[in-house]
Amino acid sequence: MDFLKPRYIPMSRRRRIYEGKAKVLYEGPEPGTLIQHFKDDATAFNAKKHEVIEGKGVLNNRISEYVFQNLNDIGVPTHFIRRLNMREQLIREVEIIPLEIVVRNVAAGSLATRLGIEEGTQLPRSIIEFYYKNDKLGDPMVSEEHITAFGWDTPQEIDDMMALAIRVNDFLSGLFLGVGIRLVDFKMECGRLWENDVMRIVVADEISPDSCRLWDIKSNEKLDKDRFRRDLGGLLEAYTEVAKRLGIMSENEPPRGAGPVLVKG
Ligand code: UDP
């Protein structure tokens, strides 16, 4: 397959398709592909809080690559093709479904606040929630009724997304448990991938400490974006720790200037 071969496209000649809070999408080298570029920007509370944390994009690119490659390998379809460089990955172009799918195993964040459940309480079972992706409205939570009534998605596609979400949750829970981390909750996004006339739902966007709550099993220390949301500091160190535990920061990584420092395990 041609698009799997490396092909250099100078930055200046690339067409920017979309710029979000933490990522930029560029036109890819072949039709049906895009380049996903991870920025260092951290935002929270609907972008009211913003900071540039040098090296965050590099870490999220690597962690998300690792997760998506593993999902592909176990037969969970994703948009991911391969990582291109420190900040970029080649992905398949999909039609993003305007929903955030949140899977929760332990009460935290908005669920803890909304329902008055103490943070850290194990939930009776994994809970799936949907949020409508709309910055102006602050991504409100919606039900399947809203999703089908407003035509954002069909009941069949909702079923497909929920099945994917459960598989991703089981995979991620086990992956992180193996390295001493509790997967409290995470957010994922799905897209419609068209291959000739056949459409399937695949996992898209990113899965990284920006979109997961990850707590150290022993100390309950937060190893995710809550360090930024709650002004705890040490975000880069926490993301580096996640990468290191997953064994994805190789010792021969090229130096990265002021970026995260490798700790020899
Ligand atoms: N999340 C995300 N993007 C969002 C909202 C939430 O990645 O726009 C993730 C968040 O990191 C957490 C999970 O989804 O892992 C559940 O978030 P929650 O609803 O508790 O919202 P928050 O407390 O972040 O407002």
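None of the values given here were measured: they were computed from a predicted structure.

**Regarding the pairing of strand E6 (residues 80-83)**
Then, in step 1: Pairing of E6 with strand E7 (residues 88-92) involves three bridges; the strand directions are antiparallel. Note on E7: the bridge partner recorded for Phe80 is Ile91.
Then, in step 2: Where E6 folds back on E7, the antiparallel hairpin that results is connected by four residues.

**Topic: the packing of aromatic side chains**
Then, in step 1: This model, assessed by the stated rule, comprises two aromatic pairs.
Then, in step 2: Look at Tyr132 and Trp152: their rings are 3.9 Å apart centre to centre, the planes differ by 10 degrees, and that puts the pair in the stacked class. Of this pair, Tyr132 sits in strand E10 (residues 122-132) while Trp152 is found in the loop between helix H3 (144-149) and helix H4 (155-177), placing the two residues 20 residues apart along the sequence.
Then, in step 3: Relative to Trp152, the ring of Phe150 has its centre 5.4 Å away and its plane inclined at 35 degrees; by these criteria the two rings are tilted.
Then, in step 4: Taking relative accessible area as the criterion, Phe150 reaches 56% and is therefore assigned exposed.
Then, in step 5: Following the ring pairs from residue to residue traces out a cluster consisting of Tyr132, Phe150 and Trp152.
Then, in step 6: Taking NZ or CZ as reference, Arg14 lies 4.9 Å from the ring centre of Tyr26, over its face.

**Describing the side chain of Ser208**
Then, in step 1: As for its placement among the helices and strands, Ser208 is situated in the loop between strand E13 (198-204) and strand E14 (212-216).
Then, in step 2: Since its relative accessible area comes to 2%, Ser208 is described here as buried.
Then, in step 3: A polar contact of 2.7 Å, which involves the side chain of Ser208, links it to the side chain of Glu206.

**Description of the site of the ligand**
Then, in step 1: Within the structure, the ligand sits among 16 residues, and Arg104, Ser110, Asp185, Arg213 and Arg229 are positioned closest to it.
Then, in step 2: Protein chains shield 77% of the accessible area of the ligand, which is 500 Å² for the free molecule.
Then, in step 3: Secondary structure elements with two or more residues in the shell around the ligand: strand E9 (99-106), helix H2 (109-115), strand E12 (181-195) and E14.
Then, in step 4: Partitioning the shell around the ligand into residue classes produces five nonpolar, three polar and eight charged.

**Focus: the environment of Leu25**
Then, in step 1: If you trace the backbone, Leu25 turns up in strand E2 (residues 23-27).
Then, in step 2: On the basis of relative accessibility, which here comes to 18%, the residue Leu25 falls in the buried class.
Then, in step 3: A C-alpha to C-alpha distance of 8.8 Å links Leu25 and Arg15, two positions ten residues apart in sequence.
Then, in step 4: Those residues in contact with Leu25, other than ones at most four positions away along the chain, are Arg15, Arg16, Ile17, Tyr18, Leu34, Ile35, Gln36 and Ile91.

**Focus on the pattern of salt bridges**
Then, in step 1: All chains considered together, the criterion is met by 31 salt bridges.
Then, in step 2: Three or more residues joined by partner-sharing salt bridges are found here, namely Arg104, Arg114, Glu119, Glu129, Asp185, Arg213, Asp226, Arg229 and Arg230.

**Examining the packing of helix H1 (residues 56-73) against helix H6 (residues 235-245)**
Then, in step 1: Here H1 crosses H6 at 25 degrees, and the two axes come no closer than 10 Å. Viewed along their axes, H1 and H6 adopt a mutual orientation that is roughly parallel. Helix-helix and strand crossings are classified by hand; for H1 and H6 the assignment is left-handed. Listed contacts from H6 to Lys56, Leu59, Asn60 and Ile63 of H1 are Leu235, Leu236, Tyr239, Thr240, Val242 and Ala243.
Then, in step 2: Residues belonging to the contact of H1 with H6 are distributed by class as follows: seven nonpolar, two polar and one charged.

Criteria and cut-off values
- Residues numbered from 1 in each chain as written.
- Predicted model: local features only at pLDDT ≥ 70, side-chain atom pairs only at ≥ 80, totals over all residues.
- Heavy atoms only, no water.
- Pairing = 2+ DSSP bridges.
- Helix = DSSP H or I, 4+ residues; strand = E, 2+ residues; numbered from the N terminus.
- Phe/Tyr/Trp six-rings, centres within 6.5 Å; stacked < 30°, edge-to-face > 60°.
- Buried < 20%, exposed > 50% of the residue type's maximum accessible area, 1.4 Å probe, protein only.
- Lys NZ or Arg CZ within 6 Å of the ring centre and 35° of its normal.
- Polar contact = N/O pair within 3.5 Å; in protein donor to acceptor, adjacent residues only side chain to side chain.
- Near = heavy atom within 4 Å.
- Areas by Shrake-Rupley, 256 points an atom, 1.4 Å probe, with all protein chains shown as cover.
- Nonpolar A, V, L, I, M, F, W, Y, C, P; charged D, E, K, R; others polar.
- Contact = heavy atoms within 4.5 Å.
- Salt bridge = Lys/Arg side-chain N within 4 Å of Asp/Glu carboxyl O.
- Axes fitted to C-alpha atoms, helices over the stretch in contact; angles between N-to-C directions.
- Parallel < 35°, antiparallel > 145°, perpendicular 65-115°, else oblique.
- Left-handed = near helix turned anticlockwise from the far one by under 90°.

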